[in-house]
Amino acid sequence: MSGPADAPIGVFDSGIGGLTVVRELLQQMPEEGIVYFGDTARVPYGTKSADTVTRFSRENALFLERMRVKFLIVACNSASALALPTLQREFRIPMIGVIEPGARAAAAATRNGRIGVIGTQATIGSRAYDAAIHKIDDKLEVVGKACPLFVPLAEEGWVEGEVAESVARTYLAEVLDHGIDTLILGCTHYPLLKDTLQRVVGDDVTLVDTAVETITEVQTRLVDSGLRRGGTGSGEPDLGESNRGEPGRGEHAYYVSDVPGQFRQVGERFLGHGLEPLVWVDQNDLPWYERGASR
Ligand code: DGL
């Protein structure tokens, strides 16, 4: 018999970046089911206004709500920075963004109190990381830098080599000049470029991948609310009859709003396994959501 704990976790991003969060989810909680939505037709979010990102995020959340997810991960920093409070007000599903967990990890990691944050124009412009870090410790210094070209590089799979490295050197010179010892990858696309970024900043700078901390917190919240599949996560999961994956693994489904070719290629290389089923949902079929309408 399946119950609420057997429902999948919903994850959305503007494109493939949220797969960095999925990878961590698979690592920490392999028995959980996942429904992923990548808004590949409308990527990037990071160059768009708060109103537009909020509208897109609301539609994505509604799509996943209709998939009956038990928990929602806003696996996009731009959407977390600009739309999370609105989604939390309008939806009943428990949810989490990636900014506060990332801020906590950075505050714990820094030794000299100087933290760099790289992200999209939307995330850096919102100063959401500054606010979250200063809530923890207002003496920490935060220096932000928007790195918009990293998103198309990640979407294209150009994560290594001369071009990626030269773009990274140009962007990061400014934050490195501030003597940071910790750098938050404040965009879920950026962990795809992690090796290149680590080479450029050197081994003395700790890179914070917000996915790790986010998923750790999701796990705690699921356990606390009795929604963790298999109870506490320590016992055998009750996968119910609907499980289509291998024993002990949750079932997964991936949805994108444009042709899936590139998403499949880059995503499968990154996750190291096939993305099945991978379904293209026409953007016009995405749920239209009227604020305040009862659902
Ligand atoms: N993955 C998105 C984020 O974390 C960035 C990509 C975009 O601009 O849509 O902000």
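Keep in mind that what you see is a predicted model, and the values were worked out from it rather than measured.

Some words on the overall build of the chain
(1) Moving on: Counting its secondary structure elements, the chain contains eleven helices and ten strands.
(2) Moving on: Relative to the globule expectation of 19 Å for 295 residues, the C-alpha radius of gyration of the chain, 18 Å, shows essentially globular dimensions.
(3) Moving on: Considered along the principal axes of its C-alpha atoms, the chain spans approximately 55 × 40 × 40 Å.
(4) Moving on: Expressed as a percentage of the 295 residues in the chain, the buried residues total 56%.
(5) Moving on: When the accessible area of the chain is evaluated, it comes to approximately 12,900 Å², of which 49% is carbon and sulfur surface.

Concerning the sheet that holds strand S8 (residues 206-209)
(1) Moving on: If you walk across this open sheet you meet the four strands as S6-S5-S7-S8, and the pairing is parallel. Looking at strand neighbours, the two that pair on one side only are strand S6 (141-146) and S8, the edges of this open sheet. When the angles between neighbouring strand axes are averaged without regard to direction, this sheet yields 25 degrees.
(2) Moving on: When strand S7 (residues 182-186) meets S8, the two strands line up parallel, connected through four bridges. Counted as the bridge partner of Thr-182 is Thr-206 from S8.

Notes on the site of the ligand
(1) Moving on: Near the ligand you find 14 residues, and of these Ser-14, Tyr-45, Asn-77, Ser-78 and His-189 are the closest.
(2) Moving on: In the model, an oxygen atom of the ligand is placed 2.6 Å from a nitrogen or oxygen of the Ser-14 side chain.
(3) Moving on: Within the backbone of Thr-188, a nitrogen or oxygen atom sits 2.9 Å from an oxygen atom of the ligand.
(4) Moving on: Protein coverage of the free-state accessible area of the ligand, which is 300 Å², stands at 99%.
(5) Moving on: Residues of the shell around the ligand, tallied by class, amount to six nonpolar, seven polar and one charged.
(6) Moving on: Mapping the shell around the ligand onto the domain boundaries places at least three of its residues in each of domain 1 (4-98 + 213-293) and domain 2 (99-210).

Remarks on the packing of helix H1 (residues 19-28) against helix H11 (residues 261-271)
(1) Moving on: At a minimum axis separation of 10 Å, H1 and H11 run at an interaxial angle of 35 degrees. Considering the relative orientation of H1 and H11, their crossing is right-handed. Contacts from Leu-19, Thr-20, Val-22, Arg-23 and Leu-26 in H1 reach Phe-263, Gly-267, Phe-270 and Leu-271 in H11.
(2) Moving on: Here the residues of the contact of H1 with H11 sort into six nonpolar, two polar and one charged.

Some thoughts on the domain arrangement of the chain
(1) Moving on: Each assigned domain of the chain is listed with its residue range as follows: domain 1 (4-98 + 213-293) and domain 2 (99-210).
(2) Moving on: Distance from the C-alpha centre of domain 1 to the C-alpha centre of domain 2: 23 Å.
(3) Moving on: In this complex, domain 1 contributes 30 residues to the contact, which on the side of domain 2 involves 26 residues.
(4) Moving on: Summed over the three residues of domain 1 that lose the most area to domain 2, namely Asn-77, Val-98 and Glu-213, the buried surface amounts to 28% of that side.
(5) Moving on: Residues Glu-217 and Arg-104 are paired through a salt bridge, measuring 2.0 Å at the closest nitrogen-oxygen approach.
(6) Moving on: When residues of the side of domain 1 that touches domain 2 are traced back to their parent elements, those giving at least two are H1, helix H3 (77-90), helix H10 (210-224) and H11.
(7) Moving on: At five residues, H3 tops the list of elements feeding residues into the side of domain 1 that touches domain 2.

Focus on the sheet that holds strand S2 (residues 34-38)
Within a sheet, each strand pairs with its neighbour through backbone hydrogen bonds, oriented either parallel or antiparallel.
(1) Moving on: With parallel pairing, six strands are arranged side by side in an open sheet as S4-S3-S1-S2-S9-S10. Edge positions in the sheet fall to strand S4 (95-96) and strand S10 (278-280), since each has one partner strand and no second.
(2) Moving on: As defined by bridge partners, S2 adjoins strand S9 (residues 252-256) across five bridges and the pair is classed as parallel. Opposite Val-35, over in S9, you have Ala-253 as the bridge partner.

Let's talk about the packing of helix H4 (residues 99-109) against helix H6 (residues 128-136)
(1) Moving on: Packing of H4 against H6 brings their axes to within 9 Å, and their N-to-C directions diverge by 55 degrees. Taken together, the axes of H4 and H6 lie oblique to each other. Crossing handedness for the pair H4 and H6: right-handed. Contacts between H4 and H6 involve Ile-99, Glu-100, Gly-102, Ala-103, Arg-104 and Ala-107 from the former and Ala-128, Tyr-129, Ala-132, Ile-133, Lys-135 and Ile-136 from the latter.

What counts and what doesn't
Residues numbered from 1 in each chain as written. Predicted model: local features only at pLDDT ≥ 70, side-chain atom pairs only at ≥ 80, totals over all residues. Heavy atoms only, no water. Helix = DSSP H or I, 4+ residues; strand = E, 2+ residues; numbered from the N terminus. Rg over C-alpha atoms; globule rule 2.2 N^0.38 Å. Buried < 20%, exposed > 50% of the residue type's maximum accessible area, 1.4 Å probe, protein only. Areas by Shrake-Rupley, 256 points an atom, 1.4 Å probe, with all protein chains shown as cover. Pairing = 2+ DSSP bridges. Axes fitted to C-alpha atoms, helices over the stretch in contact; angles between N-to-C directions. Near = heavy atom within 4 Å. Polar contact = N/O pair within 3.5 Å; in protein donor to acceptor, adjacent residues only side chain to side chain. Nonpolar A, V, L, I, M, F, W, Y, C, P; charged D, E, K, R; others polar. Domains from an automatic or database assignment. Left-handed = near helix turned anticlockwise from the far one by under 90°. Contact = heavy atoms within 4.5 Å. Buried area = accessible area lost by both parts, 1.4 Å probe. Salt bridge = Lys/Arg side-chain N within 4 Å of Asp/Glu carboxyl O. Parallel < 35°, antiparallel > 145°, perpendicular 65-115°, else oblique.

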